[in-house]
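Structure assessment
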Amino acid sequence: MARRALITGITGQDGSYLAEHLLDQGYEVWGLARGQANPRVSRMRKLLADVQVVRGDLLDQGSLISAVERVQPDEVYNLGAISFVPMSWEQAELTAEVTGMGVLRMLEAIRVCSGVSRGGAASPSGQMRFYQASSSEMFGQVTETPQNERTAFHPRSPYGVAKAYGHFLTQNYRESYGMFAVSGILFNHESPRRGAEFVTRKVTLGVARIKLGLATELRLGNLEARRDWGFAGDYVKAMHLMLQAASPEDYVIGTGRMKSVRELVEAAFSAAGLDWEQHVVVDQALHRPAEVDLLCADPKKARAQLGWEPSVSFDELVAMMVESDLRLLSAGGDPDQDSSWP
Ligand code: NAP
Ligand code: GDD
């Protein structure tokens with residue numbers, strides 16, 4: 001019988017790539033989707049006709065228990081979150097509820113449905129396996145570079161704090177109940193399906209608009225921030241590998257290479273034959289109340305224990321996104337409408 005996976009955050013970037021990967025591996029894939037008429041569900045269904053949808057919301061404990069009872073998954077991937085860092089200052093409480101407490105609700109749904117009792121540690125074998133989407137934002141103001149699985153956390157946003165809660169809680173359920181519950185500490189990963197609010201996609205869409213004569217300038221915040229950017233299609237494979245491991249452990253996933261936002265901008269404009277200095281305007285209003293200056297992964301453990309390696313370089317990623325956005329806008333597609341997903 002096919003193994004069954006339940007993915008929260010199925011309408012997001014990672015949900016789509018993970019679902020594709022699991023379908024390729026022969027899984028029966030279920031996606032948890034919220035809302036009465038969520039347009040992102042129709043977009044997802046167009047791309048992933050074989051994914052089955054179960055309704056539920058990370059804010060609603062009962063809905064998660066019902067979803068787990070109905071699907072009876074072998075593996076649960078908790079990717080649902082408020083994931084845009086600036087929004088976490090504007091809606092800090094909601095971020096804590098969805099991105100932080102949502103992890104507790106999902107773990108409780110699994111614990112209750114698999115009959116694991118409080119105080120009674122169960123054997124990890126034969127249980128539903130749980131993956132938590134932890135984030136390099138937990139490192140925040142970094143204490144060492146590069147960051148590995150033992151680096152201390154110093155989150156700099158309500159989002160980072162909520163992720164740290166989810167991370168420690170996942171570890172705690174593993175220790176308290178013997179659950180096969182792991183966290184992937186993923187560094188920034190991008191793709192042509194990245195949300196338009198994140199800096200890579202904002203830049204590649206801006207480049208495409210300028211190239212096609214639809215805009216003349218692109219307003220950005222801090223150009224000096226540095227990130228370790230990889231391709232989302234590579235990173236979802238690491239999520240799956242973590243749940244196939246012999247023992248439940250956490251892993252850092254990234255490329256080990258850092259670039260600044262300025263270098264990102266230079267690469268994207270030059271991929272379209274444009275000079276960024278003619279078009280980019282720095283806007284102080286887009287700076288954050290507390291910035292994460294740099295993030296750089298040490299992915300040695302994932303390479304050694306999971307055999308995981310990224311396959312797409314920074315330059316290839318930027319070129320892929322610029323080309324995709326040029327194609328999208330040339331064909332009259334609207335990235336703000338949810339019809340278009342390459
Ligand atoms: P994304 O594109 O922003 O997707 C977020 C998903 O969360 C969407 O499917 C959204 O569904 C869902 N969601 C929001 N509120 C929800 C709720 N109350 N109940 C259930 N689902 C809800 O994010 P992503 O880039 O794919 O990232 C996936 C996960 O990895 C997130 O947890 C993110 O924080 C984490 N992460 C991402 C990165 C990265 O660089 N991409 C790095 C580290 C960690 P709707 O359609 O209902 O809004
Ligand atoms: N979004 C955005 N917009 N960021 C900008 C801009 C702008 O106009 N100008 C400069 N930046 C800088 C931000 O200040 C930040 O330092 C960097 O670009 C990256 O911003 P984002 O692309 O919004 O990503 P993030 O690093 O804050 O968070 C992403 O990665 C995390 C993992 O490290 C998200 O995907 C999180 O969900 C994820 O956990």
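Residues numbered from 1 in each chain as written. Chains lettered and ligands numbered in written order. Predicted model: local features only at pLDDT ≥ 70, side-chain atom pairs only at ≥ 80, totals over all residues. Heavy atoms only, no water.

Going by this rule: UniProt positions are given in the numbering used here, feature names are shortened, and annotations may be inferred rather than shown by experiment.
The name given to the protein in an unreviewed UniProt entry is GDP-mannose 4,6-dehydratase, and the organism recorded there is Nonomuraea spiralis. Of the protein, the UniProt comment under Sequence similarities (unreviewed entry) reads exactly: "Belongs to the NAD(P)-dependent epimerase/dehydratase family. GDP-mannose 4,6-dehydratase subfamily."

Regarding the sheet that holds strand β4 (residues 75–78)
Selection criterion: Note on pairing: DSSP must find at least two bridges between two strands before they are called paired. Strands are runs of DSSP state E lasting at least 2 residues, helices are runs of H or I lasting at least 4, and numbering of each runs from the N terminus. Inter-axis angles, ranging from 0 to 180 degrees, are taken between N-to-C directions of lines fitted to C-alpha atoms, where helices are fitted over the stretch in contact. Note on contacts: a residue pair is in contact if any heavy atoms of the two residues lie within 4.5 Å.
Spatial ordering of the open sheet is given by β3-β2-β1-β4-β5-β6-β11, a layout of 7 strands whose pairing is parallel. Whereas interior strands pair on both sides, the edge strands pair on one side only; in this sheet they are β3 (52–55) and β11 (251–253). Here the average twist between neighbouring strands, direction ignored, is 25°. Relative to β11, strand β6 (residues 181–186) runs parallel, the two being bridged by 3 bridges. For Gly 184, the partnering residue across the bridge sits in β11 and is Tyr 251. Running over the sheet, helix α1 (residues 13–24) touches β1 (4–8), β2 (28–33) and β4 and is turned about 175° from β1.

Topic: unusual backbone geometry
Stated precisely, the cut-off is as follows: Think of it in three bands: with a 1.4 Å probe and only protein chains considered, a residue is buried below 20% of the maximum accessible area for its type, exposed above 50%, and partly exposed in between.
Each neighbour pair has its own omega, and for Thr 145 with Pro 146 the value is 0°, a cis peptide bond. The phi dihedral of Gln 72 is positive, around 50°, even though this residue is not glycine. With respect to the secondary-structure elements, Gln 72 resides in the loop between α3 (61–71) and β4. Relative accessible area serves as the criterion here: at 41%, Gln 72 is assigned to the partly exposed category.

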